[in-house]
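This is what each chain is made of:
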Amino acid sequence: MDYFLTEEQQELKKLVRRFAEERVRPRWKELDEAHEFPRDLIEEMAQLDLFRIFVPEEYDGFGSSVMNIAIVVEELARVEPGLAVSFAAVGLGTIPIVLYGSDELKEKYLPRIANGELIAAFALTEPNAGSDAGNIQTKALKDGDHYVLNGTKIFITNGGEADIYTVIASTRPDRGMRGLSAILVEKGAPGFKFGKKEDTMGIRASVQRELIFEDVRVPTSNLIGREGMGFKIAMDTLDHSRPGVAAQAVGIAQGAMEEAVKYAHQRVQFGQAIINFQAIQMMIADMATQIEAARSLVYSVARYIDSGAKRYSEYSAMAKLFASDVAMKVTTDAVQVMGGYGYMKEYPVEKFMRDAKITQIYEGTNQIQRLVIAREIAKKYR
Ligand code: COS
């Protein structure tokens, strides 16, 4: 169901669906096997103006709406979740600039993100700072009108491919979490290197790579927000982006269910198509119901954020938690409906199941989402 999309949103959905069906679907297997950043498809998406949805209108964008991001990401993920991730990660890297960047930074970077010229990435995670995001060790110490960065980030989506990186680093190591800051670093800065490229279970039409900073000098004008605001900027960014992960999960579940249903029409056992068996019908009904519940939650939360809501951490977390658990359940059941064939790489459902798993882990594990939700609920009802 479309849940009251505006005409513009319906057009956007149609545009992305056509692109995904015509340009991406024929290549799902090749993209999964190649495990590379899908630059040609990303360029085609820039031609379709899709990167403009991350950027406010005054910087040549379409208005940075979470709902539009959800629509595009869901449609991409329905066919190729890895491509959806490569795309959404540009949004993740852009959010801090949109929410907290100076006018100078916005003018310099946002129009070039909008037209697809610049790929962005967000760099928070470190070997010892995952769920414990405040425990960041990368340092950005001031030296005159520059920050000097030293440290390592891991698992960074679009790492090595992106042109700009929003890096969370410590400008005041004596202050712990309150000493963190968000700093924009350009690819090509001397001392900024790319390390290990991860070999991942799923989302293989995207890359996750290590970033290494060795005395990287960045002008202080690249500070996003103020010094010491880094943790808050990171948390706000995640609150803003988690509905996008949730939309990705909805798309994955939808794609897997469609494959399973089509297969159930074709597959004949005991003299008839297995779609006629109630054992299969019950599974399909549960899949479809869970997907609609997830989709309606994701759209509602996206609209709530777009309405100008000030506090929405728990709703973002709920959408991400619920939709990703649905994606894992639905993709596992889709494999089950298809039996032995579901387990084979010839069909995309085993890939959807691999792709689904990460949605329960990244942008905060589902255990962390539950923590965020429980804390907010506990505060409300004393
Ligand atoms: N928005 C704004 N501010 C927030 C916030 C949010 N969503 N969440 C926390 N803060 C603020 C708190 O208000 C607190 O400020 P004060 O000390 O002034 O009150 C400060 O940040 C510290 O918060 P808290 O005490 O809750 O920090 P914790 O170390 O307990 O951890 C969690 C908070 C676990 C929620 C956080 O570390 C987290 O989200 N971890 C997961 C990170 C993640 O998603 N990683 C994935 C990789 S990024 S792709």
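Residues numbered from 1 in each chain as written. Predicted model: local features only at pLDDT ≥ 70, side-chain atom pairs only at ≥ 80, totals over all residues. Heavy atoms only, no water.

Student: Whenever I open this one, the overall build of the protein chain confuses me. Can you help?
Tutor: Summing up its helical and strand segments, the protein chain has 12 helices and 10 strands in all. If you line up the protein chain on its principal axes, its C-alpha atoms span 80 × 50 × 40 Å. For the protein chain, with 382 residues in total, the buried portion stands at 55%. Sequence separation of 24 or more characterises 75% of the internal contacts of the protein chain that already satisfy a separation of 6 or more. For the protein chain, the exposed area adds up to about 16600 Å²; of that, 52% sits on carbon and sulfur atoms. (Helix = DSSP H or I, 4+ residues; strand = E, 2+ residues; numbered from the N terminus. Buried < 20%, exposed > 50% of the residue type's maximum accessible area, 1.4 Å probe, protein only. Contact = heavy atoms within 4.5 Å. Areas by Shrake-Rupley, 256 points an atom, 1.4 Å probe, with all protein chains shown as cover.)

Student: Please clarify how the pattern of salt bridges should be interpreted in this entry.
Tutor: A side chain of one charge can pair with a side chain of the opposite charge when the charged atoms of the two come close. On inspection of all chains with the given rule, the structure shows 36 salt bridges. The closest approach of N and O atoms between Glu30 and Arg27, which form a salt bridge, is 3.2 Å. The class for Arg27 is buried, based on a relative accessible area of 18%. The network of salt bridges with shared partners includes Glu21, Arg25, Arg78, Glu258 and Glu259. (Salt bridge = Lys/Arg side-chain N within 4 Å of Asp/Glu carboxyl O.)

Student: Would you mind showing me how to read the packing of helix α1 (residues 7-24) against helix α3 (residues 39-47) here?
Tutor: Geometrically, a packed helix pair is captured by the angle between its two axes and the distance between the axes. It is at 12 Å that the axes of α1 and α3 come closest, and there the two elements cross at 150°. It follows from the interaxial angle that α1 and α3 lie roughly antiparallel. The two elements α1 and α3 cross, and the hand of that crossing is right-handed. Of α3, the residues touching α1 (which contributes Phe19, Arg23 and Val24) are Leu41, Glu44 and Met45. When grouped by side-chain class, the residues that make up the contact of α1 with α3 number four nonpolar, no polar and two charged. (Axes fitted to C-alpha atoms, helices over the stretch in contact; angles between N-to-C directions. Parallel < 35°, antiparallel > 145°, perpendicular 65-115°, else oblique. Left-handed = near helix turned anticlockwise from the far one by under 90°. Nonpolar A, V, L, I, M, F, W, Y, C, P; charged D, E, K, R; others polar.)

Student: It is not clear to me how the environment of Ser300 should be interpreted in this structure. Could you clarify?
Tutor: Along the polypeptide, Ser300 turns up in helix α8 (residues 278-306). Judged by relative accessible area, which is 44%, Ser300 ranks as partly exposed.

Student: Which parts of the structure should I look at to understand the side chain of Thr94?
Tutor: Summarising the element assignment, Thr94 is placed in helix α5 (residues 81-100). Those residues within four positions of Thr94 in sequence are excluded, and the remaining contacts are Phe54, Val55, Leu110, Ile113 and Ala120.

Student: Would you mind going over the site of the ligand with me for this structure?
Tutor: Not every one of the 21 residues close to the ligand is listed here, only the nearest: Ser131, Arg178, Asp239, Arg242 and Arg375. Between Arg242 and the ligand, the recorded distance is 2.9 Å, taken from a side-chain N or O atom to an oxygen atom. In the complex, 69% of the free accessible area of the ligand, which totals 1000 Å², lies under the protein chains. Sorting the residues of the shell around the ligand by element identifies α7 (230-266) and α12 (366-380) as the ones contributing at least two each. Counting residues per element, the shell around the ligand draws most heavily on α7, at seven residues. Considering only residue class, the shell around the ligand consists of eight nonpolar, five polar and eight charged. Structurally, the shell around the ligand is a two-domain feature, drawing no fewer than three residues from each of domain 2 (120-227) and domain 3 (231-380). (Near = heavy atom within 4 Å. Polar contact = N/O pair within 3.5 Å; in protein donor to acceptor, adjacent residues only side chain to side chain. Domains from an automatic or database assignment.)

Student: Quick question: what am I supposed to make of the packing of aromatic side chains here?
Tutor: Centre-to-centre distance and the angle between the planes together describe a pair of aromatic rings. Applying the stated rule across the entire model yields 13 aromatic pairs. Judged by centre distance (4.8 Å) and plane angle (20°), the ring pair of Phe192 and Phe213 falls under stacked. Of the two residues, Phe192 sits in strand β6 (residues 192-197) while Phe213 sits in strand β7 (residues 208-219), which places them 21 residues apart along the sequence. Using a relative accessible area of 7% as the deciding quantity, one classes Phe192 as buried. Phe213 gets classed as buried once you look at its relative accessible area, which sits at 2%. Taken together, a centroid distance of 6.0 Å and an interplanar angle of 85° make the contact between Tyr263 and Tyr347 edge-to-face. (Phe/Tyr/Trp six-rings, centres within 6.5 Å; stacked < 30°, edge-to-face > 60°.)

Student: Explain helix α6 (residues 103-114) to me, please; I cannot follow it from the model alone.
Tutor: At 3.6 residues per turn, the α-helix brings residues three or four places apart onto the same side. Its 12 residues place the ends of α6 16 Å apart at the C-alpha level, agreeing with the 16 Å of an ideal helix rising 1.5 Å per residue. Residues Leu105, Lys106, Tyr109, Leu110, Pro111, Ile113 and Ala114 constitute the buried set of α6. Of the surrounding elements, those touching the buried residues of α6 are α5, β4 (164-170), β5 (180-186) and β8 (223-224). A positive phi of about 85° marks Gly116, the residue just after α6. (Expected span 1.5 Å × (residues − 1).)

Student: Whenever I open this one, the environment of Val216 confuses me. Can you help?
Tutor: Following the sequence through the fold, Val216 ends up in strand β7. Judged by its relative accessible area of 0%, Val216 falls in the buried class. Put simply, Val216 and Val326 are 110 residues apart on the chain and 42 Å apart in space, counted from C-alpha to C-alpha. Ignoring sequence-local partners within four residues, the contact set of Val216 consists of Tyr147, Val148, Leu149, Val185, Ala189, Pro190, Gly191 and Phe192.

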